[in-house]
Number of protein chains: 2
Amino acid sequence: MAADDVVWPDELFTDLDRTGPVPLYFQVSSRLEAAIRSGEIPPGARLENEIAIGHRLGLSRPTVRRAIQELVDKGLLVRRRGIGTQVVQGQVTRQVELTSLYEDLQSSHQEPGTKVLAHEMRPAAEDVAQALGVAPGTDVVYLRRQRSTDGVPVALLENYLPPEFSDITTEQLEARGLYQILRARGVTIRIANQKIGARRAHGDEGELLDIDRTGPVLTMERVAFDGSGRAIEFGHHCYRPDMYKFETTLVAK
Amino acid sequence: MAADDVVWPDELFTDLDRTGPVPLYFQVSSRLEAAIRSGEIPPGARLENEIAIGHRLGLSRPTVRRAIQELVDKGLLVRRRGIGTQVVQGQVTRQVELTSLYEDLQSSHQEPGTKVLAHEMRPAAEDVAQALGVAPGTDVVYLRRQRSTDGVPVALLENYLPPEFSDITTEQLEARGLYQILRARGVTIRIANQKIGARRAHGDEGELLDIDRTGPVLTMERVAFDGSGRAIEFGHHCYRPDMYKFETTLVAK
DNA sequence: TAGTGGTCTAGACCACAGG
DNA sequence: CTGTGGTCTAGACCACTAG
């Protein structure tokens, strides 16, 4: 037992708020995550056992356990029966949840820009109709946008939405991300199926992405559903491969 | 309330095994998953509430809740406070899991084949050394394999492993997937970081994948860790874009 | 043998959605 | 108002790991 011994700076966990709306397990897990990401709790460090932590914080074991499980799911902690709980070694800790639903918008540490190339109603082709769960030929909203960061084009986004979203304006689309607009209307995306692939650019894609006319592009096709399972959005996007990659942290269960 | 009313075929949940090693929540969730995937419980169906299910199965609410949570995490069920739990509408694909390409092909009933193009010890370059957590110049295992399905090349797999795996044989590599070999040695991959991108084929890649010499390829870079956080594998793979795509189901939290 | 996480119980109160 | 899931408690027994 050397550097990877028990570390527990309990000053971090003194004032838990039992009256507010924030769950206790979340307060614990988020503070613990901050302490790990800042290096205050170093890689390889062993945590105290769950019961001891619970006693120290005045929490029951299931509550402590849930807080720890949150970080295990994020890949920050590893639990082994008979051993204990350890901070993962190495600079793992990537913030990205799988490949994100929100990433298109929240990678906005840079200056994201949107240029609307097309915005119209259009009868749904076979594949679009099936994805959205409408009859073929139904008029649906068609969007084509060019997304850029700091003035450099990054992606071409083609989307189809059910007709009830026909009142979305071009101005809204240029100012915000699609999912932000949907959420402001009370529509929350809960589940999405997506396929990631690659192909040659064709048509005007190379020009719009400022790459070779037939150069390689990274593609993503996605169908997104709201909480009730209704299809909200079908999209086919292509990305500049030198500007964008899908990053993922996978945790085995 | 019509077709999406409560459905609960309780014949499925009669003989829970309380003595064996399989957790009760897992028995419940796996049977429920099978019933959903088979269509026996149709999309949109509402489940009974958690307490009623627990009473029916002779289980406590937390146990039932955990079983349901497993399927919520997989994107098969949706829970809404005040409403209930529903089977998701629309098709559901499998979640990206921590498997090797070999296992992916096996589970999709194709015949995977492996040709070992290179298998040697090699001093670790800067990026390899950092990924594996060894000193630059350390001899590590280098693998280059051509993976095919039904005789058609699908991917080129380049991998680096720590020196302790130098006794893996070429015969093993041609007969099984890398992760299967590692697991048979008691090494289990727990966490992996991966980046998915695209680029042109270069060198002999086009020829080995039987595509255009500079055609587009789908790429995946991965660092995988075991339960103790030690880096086990660093890989850089490229895939034939017409033969392979990454499919994902994402669930918002 | 002692300590750990893995599982499970039988209650409780709350926030939110619906009629 | 009732019913739902969201959270929390205070115990319990077990399987696995280490020394």
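Just so it is clear, the structure is predicted and the values come from calculations on it, not from any experiment.

Chemist: Can you help me understand the nonpolar core in this one?
Modeler: Proteins that are soluble and globular tend to have nonpolar side chains buried together. All names here are of chain B. Leu32, Ile36, Ile41, Leu59, Leu77 and Val87 are the most contacted members of the largest nonpolar core, which totals 21 residues. Those elements that place two or more of their residues in this core are α1 (24-37), α2 (50-57) and α3 (61-73). Take this core: its biggest share by element is six residues, from α1.

Chemist: Teacher, can you tell me more about the protein's contact with DNA strand D here?
Modeler: Lining the immediate environment of DNA strand D, one finds 25 residues, of which A:Arg18, A:Leu24, A:Ser60, A:Thr63 and B:Arg65 sit closest. The share of sugar and phosphate among atoms of DNA strand D within 4 Å of the protein is 68%. Within the contact set of DNA strand D, a phosphate oxygen lies 3.1 Å away from a side-chain nitrogen or oxygen of A:Tyr25. One of the side-chain nitrogen or oxygen atoms of A:Thr63 is found 2.6 Å away from a phosphate oxygen of DNA strand D. Secondary structure elements with two or more residues in the surface near DNA strand D: α1 (24-37) and α3 (61-73) of chain A together with α3, β1 (77-80) and β2 (84-87) of chain B. Ranked by residue count, the leading element in the surface near DNA strand D is α3(A), at four residues.

Chemist: Whenever I open this one, the protein's contact with DNA strand C confuses me. Can you help?
Modeler: Taken together, 25 residues lie near DNA strand C, and A:Arg61, A:Arg65, B:Arg18, B:Leu24 and B:Thr63 sit nearest. The sugar-phosphate backbone supplies 68% of the atoms of DNA strand C found within 4 Å of the protein. A distance of 3.5 Å is found between a sugar or linking oxygen of DNA strand C and a side-chain nitrogen or oxygen belonging to A:Arg81. Within the side chain of B:Arg66, an N or O atom sits 3.0 Å from a phosphate oxygen of DNA strand C. Those elements giving two or more residues to the surface near DNA strand C turn out to be α3, β1 (77-80) and β2 (84-87) of chain A together with α1 and α3 of chain B. Top element by residues in the surface near DNA strand C is α3(B). It accounts for four residues.

Chemist: Just checking my understanding: could you explain the pattern of salt bridges for this structure?
Modeler: Think of it this way: side chains of opposite charge can pair up when their charged atoms draw near. With the rule as written, the count across this model stands at 30 salt bridges over all chains. Here B:Glu50 and B:Arg65 are joined by a salt bridge, their closest N and O atoms 2.9 Å apart. Taken together, the positions of B:Glu50 in helix α2 and B:Arg65 in helix α3 put the pair 15 residues apart, joining distant regions of the chain. Note on B:Glu50: relative accessible area 10%, which makes it buried. A salt bridge links B:Arg122 to B:Glu120; the shortest N-O distance between them is 3.1 Å. Connected via shared salt-bridge partners are A:Glu50, A:Arg61, A:Arg65 and A:Arg79.

About the criteria used
- Residues numbered from 1 in each chain as written.
- Chains lettered and ligands numbered in written order.
- Predicted model: local features only at pLDDT ≥ 70, side-chain atom pairs only at ≥ 80, totals over all residues.
- Heavy atoms only, no water.
- Core = buried A, V, L, I, M, F, W, Y, C linked by side-chain atoms within 4.5 Å.
- Buried < 20%, exposed > 50% of the residue type's maximum accessible area, 1.4 Å probe, protein only.
- Helix = DSSP H or I, 4+ residues; strand = E, 2+ residues; numbered from the N terminus.
- Near = heavy atom within 4 Å.
- Polar contact = N/O pair within 3.5 Å; in protein donor to acceptor, adjacent residues only side chain to side chain.
- Salt bridge = Lys/Arg side-chain N within 4 Å of Asp/Glu carboxyl O.

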